[in-house]
Structure formats: C-alpha cells, structure tokens
Amino acid sequence: DAGVIQSPRHEVTEMGQEVTLRCKPISGHNSLFWYRQTMMRGLELLIYFNNNVPIDDSGMPEDRFSAKMPNASFSTLKIQPSEPRDSAVYFCASSSRTGGSLGSPLHFGNGTRLTVT
Amino acid sequence: GNSVTQMEGPVTLSEEAFLTINCTYTATGYPSLFWYVQYPGEGLQLLLKATKADDKGSNKGFEATYRKETTSFHLEKGSVQVSDSAVYFCALRDDKIIFGKGTRLHILP
C-alpha cells in the first residue's frame, strides 16, 4: 500500500493567491481528516469526512478555507485568498471506520509545507 | 469537550535512560487512546494504542497502560536510544481524534 499521498510537498505563494492542497487516502479507508500543524498551536483538526460527507468542519479557521471530497479516493483543501498567517504544515490522514472503528488509527501523509509571503 | 494534556517538552535524556511522558485526558464515554510519533519532515505514525481500560499497548520497547481511574495513558520506555529522538503525541478517539500538543524528546549519545 502506498499510504496516504499528499501533494505538493512544498508550496510557496504570495498573499492573496489561491492555494489548493491535495490528498489521496489509503484505498478502502472511509474517513479522511485534514490537520494543520504550527509551532504555536500544535496539531489542529480542520475538518473530517466519513464516506465523503463532511461531518465536522468546526476547526476550519474562516470562510477562506474550504474542503471537498468528491469521491473516496481524493480530497482537496483550498485557501482563497491566502494570508501569511496560513503558513503551516497541512496533514491529511485517513482511517477505516468499520466495526471497532474507535480503535482504528489514523494514517498520515507526509504533509504539505505551505509558506505564504 | 474532550481533551488531551501531555507534559511539555523538550525532554532531554541520555542514551539508556528511563523515559516517562505523562498524558491525561478528559472524555465522555469510553475513547480509545493512542501514542503517535513524528520524525522530522514526516507525518505522524502510530506507535501504540489501547482500546479499553487496563489495556496495555506496546511497540518497539514503548509501553502505555489505559488507566480509567486516573484518566491517564503515560508513555514509558526502559532504555531510550538516540533513534528515539522525535516528537510524541498522545491522542484519544471518540469518532474524531484529538491530539495533545506533543512532547519533543531529545536523546544524547
């Protein structure tokens, strides 16, 4: 299994530009999570999906952030317009949500390091 | 709401020392508990887990026991190695996963 795949690994953009981060979860996993990691705030859950449906987006900072999961094998996190304070590492993770789901661990991608200048 | 509190780092130890990283949680219901490890430039990796009270998770010499009476899940290792240097996260899952802030561990040769 290739694991969770995120792209790009690094993104440098100017303030005001649109940024799109991509994630391919592990095949067969039906829960997908987007996290943001910074030194100041640690690891923050932004949004998660079960069976492609957004369940909890209370962690999305503001309307500039949006996430979609059009099918079971792809998700995007979009920031429009981007701001310097959005600079962080963004992680995607997937998990199985079948029987005994509370014990199912998350599998993380290697993250996208976003720098907004 | 549910939360996880773990000891702040950084923690610096000499090789072969005994390690404890404290983790306590608050939760309604009966969550599963996890320890994850993050190496530089990588995502988090599952280290061990426990799904019910008194369960002990173990992996690579690390252990943690799910203590419901003290709402704790402390991580221990009897003899650390330089290669254990990383950031360690305690987490609970009651549908979504909630992480602690992480503890950076630095092992000196």
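Every value quoted in this text rests on a predicted model; they were computed, and no experiment measured them.

Take the overall build of chain B next. Secondary structure summary: chain B contains zero helices and 12 strands in total. Reading the helices (α) and strands (β) of chain B from amino to carboxyl end gives β-β-β-β-β-β-β-β-β-β-β-β. The globule rule puts the C-alpha radius of gyration for 109 residues at 13 Å, and the 13 Å found for chain B is close to it. Expressed as lengths along the three principal axes of its C-alpha atoms, the size of chain B is roughly 45 × 25 × 20 Å. Classification of the 109 residues of chain B by burial places 46% in the buried group. Sequence separation of 24 or more characterises 55% of the internal contacts of chain B that already satisfy a separation of 6 or more.

All chains considered together, the criterion is met by two disulfides over all chains. The disulfide bridge from A:Cys23 ends at A:Cys92, spanning 1.9 Å between sulfur atoms. When the S-S torsion is -65 degrees, as for the bridge of A:Cys23 with A:Cys92, the disulfide is left-handed. Of the two residues, A:Cys23 is situated in strand S3 (residues 19–24) and A:Cys92 in strand S9 (residues 88–95); the sequence distance between them amounts to 69 residues. Note on accessibility: A:Cys23 and A:Cys92 belong to one class, buried. Between B:Cys23 and B:Cys90 runs a disulfide, and the two sulfur atoms are separated by 1.9 Å. The disulfide joining B:Cys23 to B:Cys90 has a torsion of about -70 degrees about its S-S bond and is therefore left-handed. Of the two residues, B:Cys23 sits in strand S4 (residues 23–26) while B:Cys90 sits in strand S10 (residues 86–93), which places them 67 residues apart along the sequence. Take B:Cys23 and B:Cys90: they sit in the same class, and that class is buried.

Our focus in this paragraph is the packing of aromatic side chains. This structure, assessed with the given rule, holds 12 aromatic pairs over all chains. Look at A:Tyr35 and B:Phe99: their rings are 5.4 Å apart centre to centre, the planes differ by 85 degrees, and that puts the pair in the edge-to-face class. Taken together, the residues span two chains, with A:Tyr35 in strand S4 (residues 31–38) and B:Phe99 in strand S11 (residues 97–99). Judged by its relative accessible area of 1%, A:Tyr35 is buried. Between the aromatic rings of B:Tyr25 and B:Tyr66, the centroid separation amounts to 6.0 Å while the plane-to-plane angle is 85 degrees, which identifies the pairing as edge-to-face. Taken together, the positions of B:Tyr25 in strand S4 and B:Tyr66 in the loop between strand S8 (62–65) and strand S9 (75–77) put the pair 41 residues apart, joining distant regions of the chain. Take B:Tyr66: its relative accessible area is 2%, and that puts it in the buried class. Grouping aromatic residues by their ring pairs yields a cluster made of A:Phe33, A:Tyr35, A:Tyr48, A:Phe91, A:Phe108, B:Phe34, B:Tyr36, B:Phe89 and B:Phe99.

Rules behind the numbers
Residues numbered from 1 in each chain as written. Chains lettered and ligands numbered in written order. Predicted model: local features only at pLDDT ≥ 70, side-chain atom pairs only at ≥ 80, totals over all residues. Heavy atoms only, no water. Helix = DSSP H or I, 4+ residues; strand = E, 2+ residues; numbered from the N terminus. Rg over C-alpha atoms; globule rule 2.2 N^0.38 Å. Buried < 20%, exposed > 50% of the residue type's maximum accessible area, 1.4 Å probe, protein only. Contact = heavy atoms within 4.5 Å. Disulfide = S-S within 2.5 Å. Phe/Tyr/Trp six-rings, centres within 6.5 Å; stacked < 30°, edge-to-face > 60°.

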